[in-house]
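For reference, the chains in residue letters:
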Amino acid sequence: MEQRENEITAKVTVPETATGRRPGSQAGPTVFDLDKVSVYYGAFRAVTDVSMTIHENEITAFIGPSGCGKTTVLRSLNRMNDLIPGARVDGKIRYRGAGLYDVQASPTAVRRRIGMVFQKANPFPKSIYDNIAYGPRINGIRGKSRLDEIVETALRQAALWDEVKDRLGKSGLGLSGGQAQRLCIARTLAVEPDVVLMDEPCSALDPIATGRIEDLMQEIKSKFTIVIVTHNMQQATRVSDRTAFFSVLRNEKPGQSDTRTGVLVEYDRTANIFDNPKDERTQAYVTGRMG
Amino acid sequence: MASATARHGRQPGVPDLREPAGWRRGKNQLMTALMVLAFLIVLVPLVLVLYLVIQKGAQAISWQFLTGSIPPNVMPLGFNGSGMGPAVVGTLEITGFAALMAIPLGVLGAVYINEYGGRSVLSKVISFMSDVMTGVPSVVMGLFIYTIWVLHFGYSGLAGSFALACLMLPIVIRSTYEMLRLVPDNLRQGSYALGATKSRVTLTVVLPAAVGGIVSGCLLAVARAAGETAPLLFTILTVETTNTNLFSGANTALSAQIFANATSPYVGAEARAWGAALTLIVIAFVLMIVARIITARFTRYSR
């Protein structure tokens, strides 16, 4: 195992030095370290051999065409795939040095540190206040004043406080799409996670609401590490520090059915991915000639 | 025809956006008419039953009827302060205890099938068995309890409760299961993503989101059980006296009294049967209203 870890470090540093860092942009400590990660749904291998590192206080974007496995990789980072019957992760995912899929690792403990915001806003059918206080409560925080404080802080962080402070007792389902998504972000921040995973958080929102959430991501990234899946390449260029481009690899062997799997094509600083991609598939995708 | 004039009165170049004349428009009208007709046909038995029970039963209903003792069936309605008191007490205690047994068990069973069991064999077996149980005639349930309980421990309200609980259980399981299935998965995922355990997710997100439908389903089960007669005939032995002790001695119930009185030839007994029928309907109605109020409190954030 030790040997293998050395290999990873070596492999990770190579693309860094090859592409050259932007001046003054030092990579923070590694939060996630993926080594040859493959994710299976039953017999279907959705993603094959993804190796990458994700750094602290950065926004990492996953882009790529539909079916390339970017969401699958994202969901494997906080073990949400465990909820899908038949899903299985091969390879090694380390979170700050701890094996995410070790036998002793508990999915609930993992998810308390690594929160997730979903594509479709999913406020609970509870009051706005109870939506935010839900996470702290399951972590054993009681006491009205403590919870009040957490709720206000989380809503302020999510830039929602001014809009809802007078109706905290009203249902979370009465909010507009953009507000509901910010409520879900606030709900995630309220448990003070280390990492926030976002699965196309703006795909159902208009440009104004999207802009708000992007601003919000910039504001909170000093406290959290963010990984975002997006279909919107402009969004990736606007918000992210690093971008991972995933693509679909078709394996058409004669006499066999078409098997396809997602692969990580290129992972680099966002500016390099969009302005100076090294792989022609990346080039084709970011210039709009494919996908 | 008006439509023809409208068409001819149209300015040139303005498109005709109406449903094209002919078979499609005719089909629409035909189907609409059939639906209205079906609705009216459904209303007929519903309205007739209610009308008849209220018309015949209203004259019997009084406070004295609800509390007074059951007289010999030759006696006229209202004889010497008599009524259906023992049967009201019996129905409430027998059905109430049956609900107390069947609802928690049924809801937990459905939670197991939908949330925990997944596609496991046990979950499938429970689900299948509860469906089979739905199809068991109520009289068979009565005989079943008679064989395994009454023959050993004698007639009692408890035996009646057991029989009714057996009838309610599959209804509660099935309706709760259907409601749990309707809870969107993204609510569960949202809760899991905050680090909630499965039991937390179930207790704080899934059950509250489904509570409205679960209560409705349970009430249907209670209302159905309260009206069951056959399983009680073998288990409580239908007496005419009040028995507040659910656990021992023969008991009585409204449904059993309706059967006993309606099959007797006396006018007074017949009136008491109608009165008991109306009482049963009113009890179910009151239960529905109480449950609606409770559910409204639980689901005030669902909109």
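Residues numbered from 1 in each chain as written. Chains lettered and ligands numbered in written order. Predicted model: local features only at pLDDT ≥ 70, side-chain atom pairs only at ≥ 80, totals over all residues. Heavy atoms only, no water.

Q: Got a sec to walk through the overall build of chain A? Specific residues and values, please.
A: Helix and strand counts for chain A stand at eleven helices and ten strands. Across the 291 residues that make up chain A, the buried fraction comes to 55%. Residue pairs at least 24 apart in sequence account for 69% of intrachain contacts in chain A once pairs closer than 6 positions are excluded. Entry remark: accessible area of chain A is about 13000 Å², with carbon and sulfur atoms responsible for 49%. (Helix = DSSP H or I, 4+ residues; strand = E, 2+ residues; numbered from the N terminus. Buried < 20%, exposed > 50% of the residue type's maximum accessible area, 1.4 Å probe, protein only. Contact = heavy atoms within 4.5 Å. Areas by Shrake-Rupley, 256 points an atom, 1.4 Å probe, with all protein chains shown as cover.)

Q: Can you tell me about the interface of chain B and chain A, naming the residues and giving the values?
A: Size of an interface: often given as the accessible area lost when the parts come together. Listed per partner, the contact involves 20 residues of chain B and 30 residues of chain A. Here chain B is connected to chain A by zero salt bridges. The interface formed by chain B and chain A contains six residue pairs in polar contact (both at pLDDT 80 or more). Breaking the side of chain B that touches chain A down by element, the ones donating at least two residues are α8 (185-192) and α9 (198-227) of chain B. When the residues that make up the side of chain B that touches chain A are grouped by side-chain class, the tally is nine nonpolar, eight polar and three charged. (Salt bridge = Lys/Arg side-chain N within 4 Å of Asp/Glu carboxyl O. Polar contact = N/O pair within 3.5 Å; in protein donor to acceptor, adjacent residues only side chain to side chain. Nonpolar A, V, L, I, M, F, W, Y, C, P; charged D, E, K, R; others polar.)

Q: How would you summarise the confidence of the model for chain B if you had to cite specific residues and measurements?
A: All names here are of chain B. The share of residues in chain B with pLDDT of 70 or more is 96%, and the mean pLDDT across the chain is 89. Across chain B, helix α7 (residues 157-182) holds the top mean pLDDT of 95, while helix α1 (residues 2-8) sits lowest at 51. Across the predicted assembly, pTM comes out at 0.82 and ipTM at 0.85. (pLDDT = per-residue confidence, 0-100.)

Q: Give a detailed account of the pattern of salt bridges, specifying residues and quantitative values.
A: Applying the stated rule across the entire model yields 24 salt bridges over all chains. A:Arg242 serves as the salt-bridge partner of A:Glu58, at 2.6 Å between the closest nitrogen and oxygen. Here A:Arg242 lies in strand β9 (residues 242-251) and A:Glu58 lies in the loop between β2 (44-55) and β3 (59-63), a separation of 184 residues in the sequence. Per residue, the accessibility class of A:Glu58 equals that of A:Arg242, and both read buried. Residue B:Arg174 is joined to B:Asp131 by a salt bridge in which the shortest nitrogen-to-oxygen separation is 2.8 Å. Taken together, the residues B:Arg174 in helix α7 and B:Asp131 in helix α5 (residues 121-134) connect sequence positions 43 residues apart. Overall, B:Arg174 belongs to the partly exposed group, its relative accessible area being 24%.

Q: Describe in detail a nonpolar patch on the surface, supporting the description with residues and values.
A: Residues and elements named next belong to chain B. On the surface, Trp23, Leu30, Met31, Leu34, Leu37 and Ile41 cluster together into a nonpolar patch covering about 650 Å² of accessible area. Tracing the chain through its elements places Leu37 in helix α2 (residues 23-57). Overall, the relative accessible area of 47% leaves Leu37 in the partly exposed class. (Patch = residues over 30% accessible without salt bridge, like charges linked within 9 Å, V, L, I, M, F, W, Y side chains within 5 Å.)

Q: An account of the packing of aromatic side chains is requested, with residue identities and associated values reported.
A: Per the stated rule, a full pass over the model turns up nine aromatic pairs over all chains. Within the aromatic cluster, the residues linked to one another by ring pairs are B:Tyr146, B:Tyr155 and B:Phe234. Residue placement shows A:Arg187 over the ring face of A:Phe124; its charged tip is 4.1 Å from the ring centre. Cation over ring: B:Lys198 sits above B:Tyr116, and NZ or CZ is 5.4 Å from the ring centre. (Phe/Tyr/Trp six-rings, centres within 6.5 Å; stacked < 30°, edge-to-face > 60°. Lys NZ or Arg CZ within 6 Å of the ring centre and 35° of its normal.)

Q: So what about the pairing of β2(A)? Which residues, and what values?
A: Residue and element names in this part refer to chain A. In this sheet, β2 lies alongside strand β1 (residues 30-41) in antiparallel orientation, the contact comprising eight bridges. Looking at the pairing, Tyr41 lines up with Phe44 of β2. Two successive antiparallel strands, β1 and β2, enclose a turn made up of two residues, where Gly42 displays a positive phi of approximately 65°. (Pairing = 2+ DSSP bridges.)

Q: Please provide a residue-by-residue account of helix α7 (residues 177-189) of chain A, values included.
A: All names here are of chain A. Between the first and last C-alpha of α7 there are 18 Å, a value that for 13 residues agrees with the 18 Å anticipated at 1.5 Å per step. Of all 13 residues in α7, twelve are buried; the element is thus mostly enclosed. By the burial criterion, the buried members of α7 are Gly178, Gln179, Ala180, Gln181, Arg182, Leu183, Cys184, Ile185, Ala186, Arg187, Thr188 and Leu189. (Expected span 1.5 Å × (residues − 1).)

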